[in-house]
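Chain and residue survey
As a plain string of letters, each chain reads:
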Amino acid sequence: MYSYFCASILKIKVPWRKYITQLQIVQFISSFVLTIPHIVLQIQSGWKCSGRTAFYASFFFNMTYLILFIRFYATNYRASKSKTG
């Protein structure tokens, strides 16, 4: 991903830009799927974790990133397909 940022700064077009965005979306969705068992365990067991507030703040923060990446993808890649095809 950092090589993409470098190429972007240097105004070099990269053909794999779309795939980086897709991988980011998959990464965030995977992290949420892997987080579900942890949340269920906390709720069922009544386990009190000292980092619970930070955990939920991070979850919310990552959710906003996921939404932004999905919107970026839809704006830049879905719209261009419908205009050309």
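All right, on to the confidence of the model for the protein then. Looking at the protein as a whole, the pLDDT averages 84, with 91% of positions reaching at least 70. Mean pLDDT per element in the protein: helix 1 (residues 2–9) is the minimum at 80, and helix 2 (residues 17–45) is the maximum at 88.

The nonpolar side chains of a soluble globular protein tend to be buried with one another. By size, the foremost hydrophobic cluster in this structure holds 6 residues: I25, F28, F32, L66, Y73 and Y77. When residues of this core are traced back to their parent elements, those giving at least two are helix 2 and helix 3 (52–84). Each residue touching Y73, except ones within four places of it in the same chain, is listed here: K18, T21, Q22, I25 and R78.

Quick look at the environment of V26 now. Looking at where V26 falls in the secondary structure, it is placed in helix 2. Residue class for V26 comes out partly exposed when judged on its relative accessible area of 48%. In the structure, V26 is positioned 40 residues away from L66 in sequence and 9.2 Å away in space, judged by C-alpha atoms.

Thresholds, definitions, all that
Residues numbered from 1 in each chain as written. Predicted model: local features only at pLDDT ≥ 70, side-chain atom pairs only at ≥ 80, totals over all residues. Heavy atoms only, no water. pLDDT = per-residue confidence, 0-100. Helix = DSSP H or I, 4+ residues; strand = E, 2+ residues; numbered from the N terminus. Core = buried A, V, L, I, M, F, W, Y, C linked by side-chain atoms within 4.5 Å. Buried < 20%, exposed > 50% of the residue type's maximum accessible area, 1.4 Å probe, protein only. Contact = heavy atoms within 4.5 Å.

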